[in-house]
Amino acid sequence: MLVTNRFVVDVDVADEFTERAHAALAALAARPGYLRGQLVRALDDPRHWCLVTEWESVGTYRRALGGFDVKITAVPLLAESLDEPSAYEALASAAPGGEVVRTASDRAAAPYR
């Protein structure tokens with residue numbers, strides 16, 4: 001499961017934002033089910049940031065949000081992200097040079113079309 005939280009951050013508060021984002025990423029990384037994460041910034045507009053995390057499942061992500069450290073550091077930051085869908089299920093993947101492997105949706109009985 002992939003979670004993307006996008007932010008628009010004024011350049012004059014970017015240093016403070018990155019400190020808070022680093023703390024949020026560390027808190028999330030300490031939770032069971034966390035696979036990896038990154039804080040990224042748009043090349044074309046340095047005001048646009050994204051905190052991207054990957055999780056074993058929807059359940060591990062939701063349980064992670066209930067952890068004390070996550071509630072204190074990550075949840076307040078995530079609440080400042082753009083109001084848009086942020087959690088995505090993987091429906092297809094491909095290793096470098098590999099074929100596309102489809103995965104059934106947890107939301108439907110059959111793979112997406």
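Residues numbered from 1 in each chain as written. Predicted model: local features only at pLDDT ≥ 70, side-chain atom pairs only at ≥ 80, totals over all residues. Heavy atoms only, no water.

Engineer: I'd like a description of helix α3 (residues 68–78), backed by residues and values.
Structural biologist: One turn of an α-helix holds 3.6 residues; hence residues three or four places apart share an orientation. Within α3, burial applies to Val70, Ala74, Leu77 and Leu78. Along the axis of α3, the buried positions cluster into a sector of 100°, meaning they face one direction only. Set apart from the buried face of α3 by more than 90 degrees, the exposed residues are Phe68 and Ile72. Buried residues along α3 sit in contact with β1 (2–8), α1 (14–29), β3 (48–55) and α2 (58–65). (Buried < 20%, exposed > 50% of the residue type's maximum accessible area, 1.4 Å probe, protein only. Helix = DSSP H or I, 4+ residues; strand = E, 2+ residues; numbered from the N terminus. Arc of directions from axis to C-beta. Contact = heavy atoms within 4.5 Å.)

Engineer: Quick one: what's the story with the sheet that holds strand β4 (residues 87–88), residue by residue and with numbers?
Structural biologist: Sheet architecture is open: four strands sit in the order β2-β3-β1-β4, paired in antiparallel fashion. Every other strand in the sheet has two partners, leaving β2 (34–41) and β4 as the edge strands with one partner each. Each of β1, β2 and β3 is contacted by α1, which is oriented at about 170° to β2, the strand it contacts most. (Pairing = 2+ DSSP bridges. Axes fitted to C-alpha atoms, helices over the stretch in contact; angles between N-to-C directions.)

Engineer: Describe the pattern of salt bridges, naming the residues involved and giving the relevant values.
Structural biologist: Pairing between side chains becomes possible if they bear opposite charge and their charged atoms approach one another. All told, the structure shown has five salt bridges when counted by the stated rule. Its salt-bridge partner being Glu54, residue Arg36 comes within 2.7 Å of it at the nearest N-O pair. Residue Arg36 is found in strand β2, and its partner Glu54 is found in strand β3; the two are separated by 18 residues along the sequence. Here Arg47 ties to Asp45 by a salt bridge, and the two come within 2.9 Å at their closest N and O atoms. (Salt bridge = Lys/Arg side-chain N within 4 Å of Asp/Glu carboxyl O.)

Engineer: Kindly report on the packing of α1 against α3, identifying the contributing residues and their values.
Structural biologist: Here α1 crosses α3 at 135°, and the two axes come no closer than 8 Å. By the angle between their axes, α1 is oblique relative to α3. By crossing handedness, the relation of α1 to α3 is classed as left-handed. Here Phe17, Arg20, Ala21, Ala23, Ala24, Ala27 and Leu28 of α1 come into contact with α3, specifically with Asp69, Val70, Thr73, Ala74, Pro76 and Leu77. For the contact of α1 with α3, the per-class residue count stands at 10 nonpolar, one polar and two charged. (Parallel < 35°, antiparallel > 145°, perpendicular 65-115°, else oblique. Left-handed = near helix turned anticlockwise from the far one by under 90°. Nonpolar A, V, L, I, M, F, W, Y, C, P; charged D, E, K, R; others polar.)

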